[in-house]
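Residues per chain are reported as follows:
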Amino acid sequence: MSEVFEGYERQYCELSANLSRRCTSASALDGELKKQKLSEIKVALEDAESLIRKMDLEARSLPPNVKAVLLAKLREYKSDLNNLKSEVKRIASGNLNAAARDELLESGLSDAVTASADHRSRLMTSTERLNQSDERIKDSRRTMLETEELGVSLLQDLHQQRQSLLRGHNTLHGVDDNLGRSKRVLGNMSRRMNRNKWIIGAVIVALLVAVILILYFKLR
């Protein structure tokens, strides 16, 4: 996940919790104190809106799989901000007298605080689920990268084995050529030996004939 987005997210969660406390406090005030508190809350709301916009821009600049997770978070934060705005409008438009305000503090305010706490709890639960989904996506990406690296390694090994086989094939061709040349040389040598045998045989026969003729003429 983007560290920039996480930074904005932490700031927003802190600001949202602070705004909730301020709204609760402002509900118990009236007159100038109430106006002053509401002015401070409106400034804080503008800061919250600015953080929402920054988170939206950052989320949309990220890859699609990460962007989808962050935009889902952002929808929860926008809903939370709208609830805070509605609460501020309700407080600003209320002209309750002291008795009505006391009744609100005893009953209605407690319900509002409880509802706000429940919403924030649901928001945090959703955020945790989205974080878990983001972690699962990260794990899946790591697995894909590891599988891709393994595939590349296997392809490299296969390429090296192919090169070795090609070199072996070329070596065998060289051996075959050498064997062929050796056979031709041996064949030539064999033919020369046979020819020499015939020549030697012919010479021996000629010598024998010559010896016989010489003996014949001497003994005659």
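Here the residue index of a chain counts from 1 through its sequence in written order. In keeping with the model being predicted, local features are shown solely for residues with a pLDDT of at least 70 and side-chain atom pairs are shown and tallied solely at 80 or more, while totals for entire chains, interfaces and linings include all residues. As a rule here, side-chain values cover all heavy atoms of the structure and leave hydrogens and water aside.

- The name an unreviewed UniProt entry assigns to the protein chain is Vesicle transport v-SNARE N-terminal domain-containing protein, from the organism Linum trigynum.
- UniProt positions are given in the numbering used here, feature names are shortened, and annotations may be inferred rather than shown by experiment. Recorded in UniProt for the protein chain, the comment headed Subcellular location (unreviewed entry) runs: "Prevacuolar compartment membrane".
- According to its UniProt record, the protein chain has this under Sequence similarities (unreviewed entry): "Belongs to the VTI1 family."

### Comments concerning the overall build of the protein chain
- By definition, any uninterrupted DSSP run of H or I lasting at least four residues is a helix, any uninterrupted run of E lasting at least two residues is a strand, and each is numbered from the N terminus. Of regular secondary structure, the protein chain possesses 4 helices and 0 strands.
- Helices and strands appear in the protein chain in the N-to-C order α-α-α-α.
- Here the term buried applies to any residue with accessible area under 20% of the maximum for its type, exposed to any over 50%, and partly exposed to those in between, with areas from a 1.4 Å probe on protein chains only. Counting the 220 residues in the protein chain, one finds 23% classified as buried.
- Sequence separation of at least 24 residues holds for 79% of the intrachain contacts in the protein chain that already meet a minimum separation of 6. Residue contacts are counted whenever heavy atoms from the two residues lie within 4.5 Å of one another.

### A look at the packing of aromatic side chains
- Two aromatic rings from Phe, Tyr or Trp, using only the six-membered ring of Trp, form a pair when their centres are within 6.5 Å; if the ring planes differ by under 30 degrees the pair is stacked, by over 60 it is edge-to-face, and anything between is tilted. This model, assessed by the stated rule, comprises 2 aromatic pairs.
- A ring pair is formed by Tyr12 and Tyr77, whose centres lie 5.2 Å apart and whose planes are at 50°; its orientation type is tilted. Here Tyr12, found in helix 1 (residues 3-27), pairs with Tyr77, found in helix 3 (residues 64-93); they are 65 residues apart in sequence, far enough to count as distant.
- Note on Tyr12: relative accessible area 1%, which makes it buried.

### Let's talk about the pattern of salt bridges
- By definition, a salt bridge exists where a carboxyl oxygen of Asp or Glu is found within 4 Å of a side-chain nitrogen of Lys or Arg. Under the definition given, this model contains 5 salt bridges.
- Here Glu49 and Lys85 are joined by a salt bridge, their closest N and O atoms 2.1 Å apart. With Glu49 in helix 2 (residues 31-60) and Lys85 in helix 3, the pair connects residues that are 36 residues apart, well separated along the chain.
- Note on Glu49: relative accessible area 25%, which makes it partly exposed.
- Looking at Lys85, the relative accessible area reads 27%, which means it is partly exposed.
- Overlapping salt bridges, with partners in common, bring together Asp56, Arg60 and Lys78 in one network.

### Brief notes about a nonpolar patch on the surface
- The patches described consist of residues with a relative accessible area above 30% and no salt bridge, like charges being joined within 9 Å and nonpolar side chains (Val, Leu, Ile, Met, Phe, Trp, Tyr) within 5 Å. Per-residue and other accessible areas follow the Shrake-Rupley method at a 1.4 Å probe size, with only the shown protein chains counted as cover for residues. Judged by side-chain polarity, Val205, Val209, Leu213, Tyr216 and Phe217 come together as a nonpolar surface patch covering roughly 510 Å² of accessible area.
- Counting through the fold element by element, Leu213 comes out in helix 4 (residues 98-219).

### Some remarks on helix 1
- Expected span, for any helix, means 1.5 Å times one less than how many residues it has. The terminal C-alpha atoms of helix 1, which comprises 25 residues, lie 36 Å apart, in line with the 36 Å expected from a rise of 1.5 Å per residue.
- Every buried residue belonging to helix 1 is among Phe5, Gly7, Glu9, Tyr12, Leu15, Ser16, Leu19, Ser20, Cys23, Ala26 and Ser27, and all of these are buried.

### Remarks on the environment of Asn65
- Within the fold, Asn65 resides in helix 3.
- Along the sequence, Asn65 and Lys138 sit 73 residues apart, while their C-alpha atoms lie 9.9 Å from each other.

### Observations regarding the nonpolar core
- Ranked by size, the top nonpolar core spans 25 residues in total, and within it Tyr12, Leu19, Ile41, Leu45, Ile52 and Met55 carry the most contacts.
- Listing elements by their share of this core, those giving two or more residues are helix 1, helix 2 and helix 3.
- Setting aside residues no more than four positions away along its own chain, Leu19 makes contact with Ile41, Ala44, Leu45, Ala48 and Leu84. Nonpolar cores are built from buried Ala, Val, Leu, Ile, Met, Phe, Trp, Tyr and Cys residues. Side-chain atoms within 4.5 Å join them into one set.

### As for the packing of helix 2 against helix 3
- Angles shown run from 0 to 180 degrees and are taken between the N-to-C directions of axes, each axis being a line fitted to C-alpha atoms and, for helices, limited to the stretch in contact. Relative to each other, helix 2 and helix 3 sit at 165°, their axes nearing to 10 Å. Looking at the two axes, helix 2 sits roughly antiparallel to helix 3. As helix 2 runs across helix 3, the sense of the crossing is left-handed. The segment helix 2 lies against helix 3, with Lys34, Leu38, Ile41, Leu45, Ala48, Glu49, Ile52, Met55, Asp56, Ala59 and Arg60 engaging Lys67, Leu70, Leu71, Leu74, Tyr77, Lys78, Leu81, Leu84, Lys85, Val88, Ile91 and Ala92. Angle categories: roughly parallel below 35 degrees, roughly antiparallel above 145, roughly perpendicular from 65 to 115, and oblique for all the rest. By convention, the crossing between two helices is left-handed when the near helix turns anticlockwise from the far helix through less than a right angle, and right-handed when the turn is clockwise.

### Considering the packing of helix 1 against helix 2
- Where helix 1 contacts helix 2, the two axes come as close as 9 Å, and the packing angle between them is 160°. Regarding the angle of helix 1 to helix 2, the classification is roughly antiparallel. Of the two possible hands of crossing, helix 1 and helix 2 adopt the one that is left-handed.

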